[in-house]
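If you want the building blocks of each chain, they are given just below.
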Amino acid sequence: MKRKRLVVRSVILLLLIGAVGYTLYANFTKDQQTKIAIGEQAPDFVLTDMQGQKHRLSDYKGQGVFLNFWATWCKPCEIEMPYINNQYHQFKDKGVQVLAVNVGESKLAVNKFVQRHQLDFPIVIDNEAQVQTAYGIDPLPATFLLDKNGKLVRYFTGQMTEETVRKLMNEIKP
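Keep in mind that what you see is a predicted model, and the values were worked out from it rather than measured.

(A) The arrangement of the pattern of salt bridges in detail. The final tally for this structure, using the stated rule, is 5 salt bridges. The residue Glu78 makes a salt bridge to Lys75 at a minimum N-O spacing of 2.9 Å. Of this pair, Glu78 and Lys75 both sit in helix H2 (residues 75-91), 3 residues apart, roughly one helical turn. Residue classification places Lys75 among the exposed residues on the basis of a relative accessible area of 55%. Where Glu163 meets Arg166, a salt bridge forms, and the shortest distance between an N and an O atom there is 3.1 Å. In this pair, Glu163 and Arg166 are both assigned in helix H5 (residues 162-171), 3 residues apart and thus about one turn of the helix distant. Each of Lys75, Glu78 and Arg116 takes part in a single network of salt bridges with overlapping partners.

(B) Structural view of the state of the cysteines. What the rule picks out here adds up to 1 disulfide. Cys74 shares a disulfide with Cys77; S-S distance 2.3 Å. Judged by the torsion about the S-S bond (80°), the Cys74/Cys77 disulfide is right-handed. Just as Cys74 is buried, Cys77 falls in that class too.

(C) Structural view of the pairing of strand S4 (residues 96-102). Counted residue by residue, S4 has 7 buried out of 7 residues, so it is predominantly covered. Side chains Val96, Val98, Ala100 and Asn102 project from S4 onto one buried face, and the interleaved Gln97, Leu99 and Val101 project onto a second face that is buried too. Relative to S4, strand S3 (residues 64-70) runs parallel, the two being bridged by 7 bridges. Residue pairing across strands places Phe66 opposite Val98, the latter belonging to S4. A crossover connection joins S3 to the parallel S4 through H2; in handedness this β-α-β unit is right-handed.

What counts, and at which threshold
Residues numbered from 1 in each chain as written. Predicted model: local features only at pLDDT ≥ 70, side-chain atom pairs only at ≥ 80, totals over all residues. Heavy atoms only, no water. Salt bridge = Lys/Arg side-chain N within 4 Å of Asp/Glu carboxyl O. Helix = DSSP H or I, 4+ residues; strand = E, 2+ residues; numbered from the N terminus. Buried < 20%, exposed > 50% of the residue type's maximum accessible area, 1.4 Å probe, protein only. Disulfide = S-S within 2.5 Å. Pairing = 2+ DSSP bridges. Right-handed = clockwise from strand over helix to strand, strands pointing away.

Dropping the structure here:
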C-alpha cells in the first residue's frame, strides 16, 4: 500500500515538474518578434477614431508614425499615455504622428480613459482584433516605430518613460 502511494505521488510530482519545465521553456523561447521584421513595410489598415473619422495608416506616408497598441486595463499603458501625449505636442509639427490602437474595448471605456488623461492624439479601436493579429501583438503595451515610408524601424514592448518616448520619436522624425 505504501509503495503504491509512493509511486502515485512520484508520478504526480514528475508531471508537475514537467508542466512547470514546459511552461518555463515555452515562455523563455517564445518568439518575441512581431509578424513584421525591421525594414519591412508595415501592414496597412483602416480604423475609426473616437470622433468617427477613419484613419488609414498609409495616409501617414511622409511622416514618422508612433504606432502604440494599448488597453485601459493595462497599468503600464496608463502610465505611459501622458508621456506619449506630451511628446505628441512636441513632435506633431516636426513630422511625427501618434496613432494609438486600443485592443477592442468599448467606446465608453476608451472615452472615459481619454477624458481622464486628457489625451488628444488620434485613438482608434481595433474591435475585431485584425490589426493586432496582423502585427502579432503580445504583450501590451506594444509600440511600432514607422519611418516616413511606412517601414518598421523599431518595435518596443513594455512601459516607456517620457525620455524613452522622446528618444523613440526622434528616431522617426523625417
